[in-house]
Amino acid sequence: SGFFARMFVQVCLYFYCKCLWRCLKFVVRKLTGRCELQRICYNTKPGAARTMKIEASLKGSKSKRLQTSVSVHPDAIEKTIDDIMELKRINSDINPQLGVSLQACLLQIVGYRNLIAEVEKLRREPYDSENPQHEEMLLKLWKCLKPNSPLKARISKQWCEIGFQGDDPKTDFRGMGLLGLYNLVYFAEWDTEIAQQVLSDSLQPKYSQFSKAEWEKKKFDKAIGYSFAIVGINITDLTYNLLVSGALKTHFYNVAPEAPTLTHFQQTFCYLMHEFHKFWIEEDPLDIMEFNRVREKFHKRILKQLQNPEMALCPHFAASESLINM
């Protein structure tokens, strides 16, 4: 009976708070002459802080039309904004900026949902060695990372040189499907210099980014390397989890003025790959068995950074640069 009493109190509290919140919103609207969406747009600067508040406001609305506005098709966004303005009795001639602000927020919210679907589709597609497109991408990965040493055969021990486990990489993509390959190829093709450096350091961590004096000071005499490609697939999993859990909203809403795209996702992967590499060397693990501990610690560190609504993990990427002025 104690359990039911507690449950009853919680339910009462929930409804009390809900009613209180509704009354408060009503009073504030009457006093300011502005609805919650207007107050958010006028009082919060563009970016994650604003978009996340708008998203919460729409999802928490008692109007079904407002609740579903976060999952409309991108082409229906303009019509949705008109509906919201009408529903909230906001005159768009007097508030022209509001429509523009709401549209930017909705493009981000809807875009994030669509990006999850796109990434999920790639993750579910298994690597198929009968598919010439898949094979071409795999060979491209080799060429970008090892431009000066040709691959002697498709099935070869050479694959271990870029961190695959056996002589045929197709078995290593299982967990992340094509997404793992897409990310590795993007990193190797667009961030070639860093990718080659990280690969080289992963094979010989002793000679990585520290000078000899720093090295001796840090006593990194037992530096442990790791398998580049396998870690790339693992960091793909980490990036995927950050996306699906919603943790990447702060980053994407700050760097993509409209809908975040697969390119934004892949750039984030490149950044995390590079950061993880530096983190691995700082952590100086005793052996590769410590990989999961180091990864978990790294994951927590990134999650903590993403809790800051101002956070943009990698604002310096080219795809964001042309858009920053908007």
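Residues numbered from 1 in each chain as written. Predicted model: local features only at pLDDT ≥ 70, side-chain atom pairs only at ≥ 80, totals over all residues. Heavy atoms only, no water.

**Section: the overall build of the protein chain**
Here is step 1: Looking only at helices and strands, one finds 15 helices and zero strands in the protein chain.
Here is step 2: Out of the 326 residues belonging to the protein chain, those deemed buried represent 44%.
Here is step 3: Relative to all contacts within the protein chain whose residues are 6 or more apart in sequence, the contacts with residues 24 or more apart total 66%.
Here is step 4: Within the structure as shown, the protein chain displays about 18,000 Å² of accessible surface, and the carbon and sulfur contribution to it stands at 57%. (Helix = DSSP H or I, 4+ residues; strand = E, 2+ residues; numbered from the N terminus. Buried < 20%, exposed > 50% of the residue type's maximum accessible area, 1.4 Å probe, protein only. Contact = heavy atoms within 4.5 Å. Areas by Shrake-Rupley, 256 points an atom, 1.4 Å probe, with all protein chains shown as cover.)

**A short note on the confidence of the model for the protein chain**
Here is step 1: Looking at the protein chain, pLDDT values average 87 and 84% of them are 70 or higher.
Here is step 2: Low pLDDT, under 50, characterises residues 27-33; the stretch is placed with 10 contacts to residues that sit more than four places away or in other chains.
Here is step 3: Ignoring residues within four places in sequence, the model shows residues 317-326, a span with pLDDT below 50, making 15 contacts including any to other chains. (pLDDT = per-residue confidence, 0-100.)

**Thoughts on the packing of aromatic side chains**
Given two aromatic rings, their pairing is described by the distance between the two centres and the angle made by the two planes.
Here is step 1: Under the defined criterion, the tally for this structure stands at 15 aromatic pairs.
Here is step 2: Relative to tryptophan 190, the ring of tyrosine 186 has its centre 6.2 Å away and its plane inclined at 40°; by these criteria the two rings are tilted. A residue pair is termed a helical-turn pair when its members lie 3 or 4 positions apart in one helix, as tyrosine 186 and tryptophan 190 do in helix H8 (residues 177-190) at four residues.
Here is step 3: Looking at tryptophan 190, the relative accessible area reads 60%, which means it is exposed.
Here is step 4: An aromatic cluster of at least three residues, connected via ring pairs, comprises Tyr226, Phe276, Phe279, Trp280, Phe291 and Phe298.
Here is step 5: Note that lysine 249 overlies the ring of tyrosine 112, its terminal NZ or CZ placed 5.6 Å from the centroid. (Phe/Tyr/Trp six-rings, centres within 6.5 Å; stacked < 30°, edge-to-face > 60°. Lys NZ or Arg CZ within 6 Å of the ring centre and 35° of its normal.)

**Comments concerning the packing of helix H5 (residues 77-87) against helix H6 (residues 96-124)**
Here is step 1: Contact geometry for H5 and H6: axes closest at 10 Å, N-to-C directions at 125°. With respect to H6, the element H5 is oriented oblique. Both H5 and H6 take part in a crossing whose hand is right-handed. Touching Ile77, Glu78, Thr80, Ile81, Ile84 and Met85 of H5 are Leu98, Gly99, Leu102, Gln103, Leu106, Leu107 and Val110, all from H6. (Axes fitted to C-alpha atoms, helices over the stretch in contact; angles between N-to-C directions. Parallel < 35°, antiparallel > 145°, perpendicular 65-115°, else oblique. Left-handed = near helix turned anticlockwise from the far one by under 90°.)

**Topic: unusual backbone geometry**
Across the chain, the bulk of peptide bonds are trans and the bulk of non-glycine residues have phi less than zero.
Here is step 1: Positive phi, normally seen in glycine, also occurs at arginine 89, with a value near 50°.
Here is step 2: Residue position: arginine 89 is located in the loop between H5 and H6.
Here is step 3: Positive phi, close to 50°, is recorded for aspartate 284, a residue that is not glycine.
Here is step 4: Residue position: aspartate 284 is located in the loop between helix H13 (262-283) and helix H14 (291-306).
Here is step 5: Judged by relative accessible area, which is 14%, aspartate 284 ranks as buried.

**So, the nonpolar core**
Here is step 1: Within the largest apolar cluster, 84 residues are counted, with the highest numbers of intra-cluster contacts made by Ile54, Leu102, Leu141, Phe164 and Leu181.
Here is step 2: Counting the residues that make up this core, at least three belong to each of domain 1 (34-123) and domain 2 (128-307).
Here is step 3: The contacts of leucine 102, once residues within four sequence positions are left out, are Leu37, Cys41, Ile54, Ile81, Ile84 and Met85. (Core = buried A, V, L, I, M, F, W, Y, C linked by side-chain atoms within 4.5 Å. Domains from an automatic or database assignment.)

**Looking at the pattern of salt bridges**
Here is step 1: Counted by the stated rule, this structure contains 18 salt bridges.
Here is step 2: Between glutamate 189 and lysine 140 there is a salt bridge whose closest N-O contact spans 3.2 Å. Of the two residues, glutamate 189 sits in helix H8 while lysine 140 sits in helix H7 (residues 132-145), which places them 49 residues apart along the sequence.
Here is step 3: On the basis of relative accessible area, lysine 140 is assigned to the partly exposed category, the value being 34%.
Here is step 4: One salt bridge connects glutamate 283 with lysine 297, and the closest N-O pair in it is separated by 3.0 Å. Of the two residues, glutamate 283 is situated in helix H13 and lysine 297 in helix H14; the sequence distance between them amounts to 14 residues.
Here is step 5: Judged by its relative accessible area of 41%, lysine 297 is partly exposed. (Salt bridge = Lys/Arg side-chain N within 4 Å of Asp/Glu carboxyl O.)

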